[in-house]
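Topology and contacts: notes
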Amino acid sequence: MIFNEWHYNITKAQMKKFELGMAQYASKPVPEDENQKLRHQARIDSLQSQIEEFTEEIKEYENLKNNQGKIEKLQYDSLEKLPEALIKARIIRGHT
């Protein structure tokens, strides 16, 4: 979860690095050896997974920022989610 604008900017920068790394790695020839093929694909899959996670976090943060003042209440079913709810409420209200 992205907590603030600073964290948002870092996440976007990290996502670009991962995208560049994945593009560079994916452009390498696929090895002939079966084990090497599996390692090659595993690296690509892990990079893609992290990029997807960054993308989801960025979208969630942007959605909260774009709905400042529009969301009246957040509802959660357990106290374990209270920290997340407080962070989201702070973002929605525009507080630092």
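All chains considered together, the criterion is met by 3 salt bridges. Glu 60 is the partner of Lys 88 in a salt bridge, and the nearest nitrogen-oxygen pair spans 2.9 Å. Pair noted here: Lys 88 is in helix 3 (residues 82-93) and Glu 60 is in helix 2 (residues 34-66), with a separation of 28 residues, a long-range link. Two residues, Glu 84 and Lys 88, come together in a salt bridge whose shortest N-O distance is 3.0 Å. One end of the pair, Glu 84, and the other, Lys 88, are both in helix 3, 4 residues apart, so they sit about a helical turn from each other. For Lys 88, a relative accessible area of 12% gives the class buried. What you see here is one network of salt bridges that share partners, running through Glu 60, Glu 84 and Lys 88.

Ile 2, Tyr 8, Met 15, Met 22, Ile 58, Tyr 61 and Ile 91 are the most contacted members of the largest nonpolar core, which totals 15 residues. Contributions of two or more residues to this core are made by helix 1 (5-26), helix 2 and helix 3. Looking at this core, the element that brings in the most residues is helix 2, giving 7 residues. Contacts of Ile 58, omitting those with residues within four sequence positions, involve Ile 2, Tyr 8, Thr 11, Lys 12 and Met 15.

Moving on, we come to the confidence of the model for the protein. Residue-level pLDDT values for the protein average 90, and 99% of them are 70 or greater. When pLDDT is averaged over each helix and strand of the protein, the minimum, 88, is found for helix 3 and the maximum, 94, for helix 1.

Interhelical geometry of helix 2 versus helix 3 gives an angle of 50 degrees and a closest axis separation of 7 Å. One way to sum up the angle between helix 2 and helix 3 is to call them oblique. Crossing of helix 2 over helix 3 shows right-handed handedness. Every residue of helix 3 that contacts helix 2 at Glu 60, Tyr 61, Leu 64 and Lys 65 is listed here: Lys 88, Ile 91 and Ile 92. Its residues assigned to classes, the contact of helix 2 with helix 3 shows 4 nonpolar, no polar and 3 charged.

What counts as what
Residue positions are counted from 1 within each chain, in the order its sequence is given. Local features in a predicted model are, by the rule used here, given only for residues with pLDDT of at least 70; side-chain atom pairs are given and counted only at 80 or more, and totals for whole chains, interfaces and linings are based on all residues. Excluding hydrogens and water, the side-chain values take into account all heavy atoms of the structure. Counted as salt bridges are all cases of a side-chain nitrogen of Lys or Arg within 4 Å of a carboxyl oxygen of Asp or Glu. Only DSSP runs of H or I with at least four residues qualify as helices, and only runs of E with at least two residues qualify as strands; both kinds are numbered from the N terminus onward. Buried means the residue's accessible area, taken with a 1.4 Å probe over protein chains only, is under 20% of the maximum for its type, while exposed means over 50%, and partly exposed covers the values in between. Note on terminology: a nonpolar core comprises buried Ala, Val, Leu, Ile, Met, Phe, Trp, Tyr and Cys residues joined through side-chain atoms within 4.5 Å. Contact criterion: two residues are considered in contact whenever any of their non-hydrogen atoms come within 4.5 Å of each other. Confidence of the predictor at the level of single residues is given by pLDDT, which spans 0 to 100. Comment: axis = line fitted to C-alpha atoms, over the contacting stretch for helices; angle = value between 0 and 180 degrees taken between N-to-C directions. Here the word oblique covers every angle except those under 35 degrees (roughly parallel), over 145 (roughly antiparallel) and from 65 to 115 (roughly perpendicular). Crossing handedness follows the turn of the near helix against the far one: under a right angle anticlockwise gives a left-handed crossing, and clockwise gives a right-handed one. Lys, Arg, Asp and Glu make up the charged group, whereas Ala, Val, Leu, Ile, Met, Phe, Trp, Tyr, Cys and Pro make up the nonpolar group; the residues left over, Gly among them, are polar.

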